[in-house]
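# Coordinate inspection notes
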Amino acid sequence: MLTIKRLDLDDARLLIEGAARKAEEIGIPMCIAVTDESGNLIAFERMNGGKVTSITVAQDKAYTAAAARKATHEYNQACIPGNLVFGIHTSMGGRLCVVGGGLPVAVDGHVVGGIGLSSGTPQQDMDCAQAGIDHFLNQRA
């Protein structure tokens, strides 16, 4: 029998809490999305001042990280003209995001979801996403 580990709403809230704390620390109001292992949205928060255009971007980053089981910045590094993966960002109706800020969430070596942030620079988004994961994992310990 297979046992599938997945995030629930309480887990998603922990991820958002950790990411939002980091966003407040750096002074950038973020849009924060958390998905399950299939890339389906579990929870979303738009901090006061989070960019309207970042709502969809954050969700697409979380989707990409979970469904592809790869950080969005890894696609960015590979998605250049001439590389075999170039153009992948146009797949899935343009939903596959290659901008930094989406990270897979793994527990015991299994991807259980994704977190995506948008409103800062890609590096700020990545840092806040990692802070969310760190907070989540520390609370589970």
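Quick caveat, the model's predicted, so the values are computed rather than measured.

## Regarding the nonpolar core
With 24 residues, the main nonpolar core has Leu15, Met30, Ile32, Val105, Ile115 and Leu117 as its most contacted residues. Listed by contribution, the elements that provide at least two residues to this core are helix H1 (9-26), strand E1 (31-36), strand E3 (102-107), strand E4 (110-118) and helix H4 (122-140). If one sorts the elements of this core by residue count, H1 sits on top with six residues. When sequence neighbours within four positions are dropped, the list of residues in contact with Val105 reads Leu7, Leu15, His110, Val111, Val112, Gly113, Gly114, Ile115, Ile133 and Phe136.

## Structural notes on the pairing of strand E2 (residues 41-46)
As paired strands, E1 and E2 are joined by five bridges and run antiparallel to one another. Following the sheet pairing, Thr35 is matched in E2 by Leu41. The antiparallel pairing of E1 with E2 creates a hairpin that spans four residues between the two strands, and Gly39 there sits at a positive phi of about 90°.

The rules behind the values
Position numbers for residues count from 1 along each chain, tracking the sequence in the order it is written. Where local features are concerned, this predicted model is filtered to residues with pLDDT of at least 70; where side-chain atom pairs are given and counted, the filter is 80 or more; whole-chain, interface and lining totals use all residues. With hydrogens and water set aside, each side-chain value is computed from the structure's full complement of heavy atoms. By nonpolar core is meant a set of buried Ala, Val, Leu, Ile, Met, Phe, Trp, Tyr and Cys residues that side-chain atoms within 4.5 Å join together. Three exposure classes are used, based on accessible area relative to the maximum for each residue type with a 1.4 Å probe and protein chains only: buried under 20%, partly exposed in between, and exposed over 50%. For helices the rule is a DSSP run of H or I covering at least 4 residues; for strands it is a run of E covering at least 2, with both sets numbered from the N terminus onward. Only heavy atoms matter for contacts: two residues are in contact if any of them lie within 4.5 Å across the pair. For two strands to pair, DSSP has to find at least two bridges joining them.

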